[in-house]
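Structure assessment
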Amino acid sequence: MITRRHLLAGLAGVSVSALAMGRAMALEFIDYTGTELDGLAASGVPYVINFHATWCPTCAAQQRVLDALQKESEAYAAIPILRVDWDEYGNSELARDMAIPRRSTLVLMRGETELGRLVAETSKDRIAQLLDLASS
C-alpha cells in the first residue's frame, strides 16, 4: 500500500531528478492571468506570447514544436512563453490591442516591441525562424 509519505517522497525524487537534468528540462511556460506581461516586458529579454486554446489542434501542434525546439536548444529554452488562453482572453484588451486574429497565434516580443508573429503556423522551420529573431 502506498502511503502519503511514499507518494510525497516519490514526487520529490521526480522533482530533484528533473532539476539534476539541467536546463534541457527547464522550459519556461507562464500561464497568463493578466499581470505577467508587465514583468516580461520590463525584463528586457525576448518572450513569446502564445494565444492558444486547449481544444485547438493547431495550437497542440504548435506546442509540440515549441517543446521540441526548446529541448533541442538552450537558446530556445531561455525564451519564456506566455500562454494566453483564447477561451478566456480572446476578446480581451490584450488581444484587441495586439490585433490578434485568432487562436494559434505566436508573437515574439522584446519589451513592448513586436519582433515577429506567426498565425496558425505549425512548421518547425518557420517557428524556429521566429524564435531566431530573439537573438537579433
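Everything quoted here is computed from the prediction, not taken from an experiment. (Residues numbered from 1 in each chain as written. Predicted model: local features only at pLDDT ≥ 70, side-chain atom pairs only at ≥ 80, totals over all residues. Heavy atoms only, no water.)

On to the environment of D31, then. Position of D31 among the secondary structure elements: in strand β1 (residues 29-31). Looking at D31, the relative accessible area reads 46%, which means it is partly exposed. Each C-alpha atom of the pair D31 and L82 lies 5.8 Å from the other, and the pair is 51 residues apart in sequence. Beyond its immediate sequence surroundings of up to four residues, D31 is in contact with E36, L82 and R83. One polar contact links D31 to R83, side chain to side chain, over a distance of 3.2 Å. (Helix = DSSP H or I, 4+ residues; strand = E, 2+ residues; numbered from the N terminus. Buried < 20%, exposed > 50% of the residue type's maximum accessible area, 1.4 Å probe, protein only. Contact = heavy atoms within 4.5 Å. Polar contact = N/O pair within 3.5 Å; in protein donor to acceptor, adjacent residues only side chain to side chain.)

An α-helical turn contains 3.6 residues, so a residue and the one three or four places further along point in the same direction. Residues E36, L37, L40 and A41 constitute the buried set of helix α2 (residues 36-43). Buried residues of α2, viewed axially, fall in a sector of 125 degrees; they line one side. Opposite the buried face of α2, at more than 90 degrees from it, the exposed residues are D38 and A42. In the core, the buried residues of α2 are packed alongside β1, β2 (46-52), β3 (81-85) and α6 (93-97). (Arc of directions from axis to C-beta.)

This paragraph deals with the side chain of E36. Residue placement: E36 occurs in helix α2. Here the side chain of E36 touches T33 through a polar contact of 2.5 Å, side chain to side chain. Within the structure, the side chain of E36 is placed 3.2 Å from the backbone nitrogen of G34, a separation counted as a polar contact. Sequence-distant contacts of E36, that is, excluding residues within four places in its chain, are made with I30, D31 and L82.

Attention shifts here to the sheet that holds β1. Ordered in space as β1-β3-β2-β4-β5, the five strands form an open sheet in which the pairing is mixed. Among the strands making up the open sheet, the edge pair consists of β1 and β5 (113-119). Neighbouring strand axes in the sheet, compared pairwise and without regard to direction, differ in orientation by 25 degrees on average. Direction of pairing for β2 relative to strand β4 (residues 105-110): antiparallel, over a ladder of six bridges. Opposite F51, over in β4, you have T105 as the bridge partner. Packed on one face of the sheet, α2 meets β1, β2 and β3 and runs near 150 degrees to β2. Seen against the sheet, helix α3 (residues 57-72) touches β1, β2, β3 and β4 and runs at an angle of roughly 155 degrees to β2. (Pairing = 2+ DSSP bridges. Axes fitted to C-alpha atoms, helices over the stretch in contact; angles between N-to-C directions.)

In the structure shown here, the tally under the stated rule is four salt bridges. Here E121 and R126 are joined by a salt bridge, their closest N and O atoms 3.6 Å apart. (Salt bridge = Lys/Arg side-chain N within 4 Å of Asp/Glu carboxyl O.)

The element β4 is largely enclosed, with a buried count of five among its six residues. The pairing of β4 with β5 spans six bridges and is classified as antiparallel. Considered in β5, the bridge of V107 is made with R117. Where β4 folds back onto β5 in an antiparallel hairpin, the turn is made up of two residues, including G111, whose phi is positive at roughly 65 degrees.

This part is about the nonpolar core. Within the largest apolar cluster, 20 residues are counted, with the highest numbers of intra-cluster contacts made by I49, F51, V84 and M98. Looking at this core, the elements that each hand over two or more residues are α2, β2, β3, α5 (86-89), α6 and β4. Filtering out sequence-adjacent residues up to four positions away, F51 remains in contact with C59, V84, W86, L94, A95, M98, I100, R102, R103, S104, T105 and V107. Within the second largest apolar cluster, 15 residues are counted, among which are V48, V65, L118 and A134. (Core = buried A, V, L, I, M, F, W, Y, C linked by side-chain atoms within 4.5 Å.)

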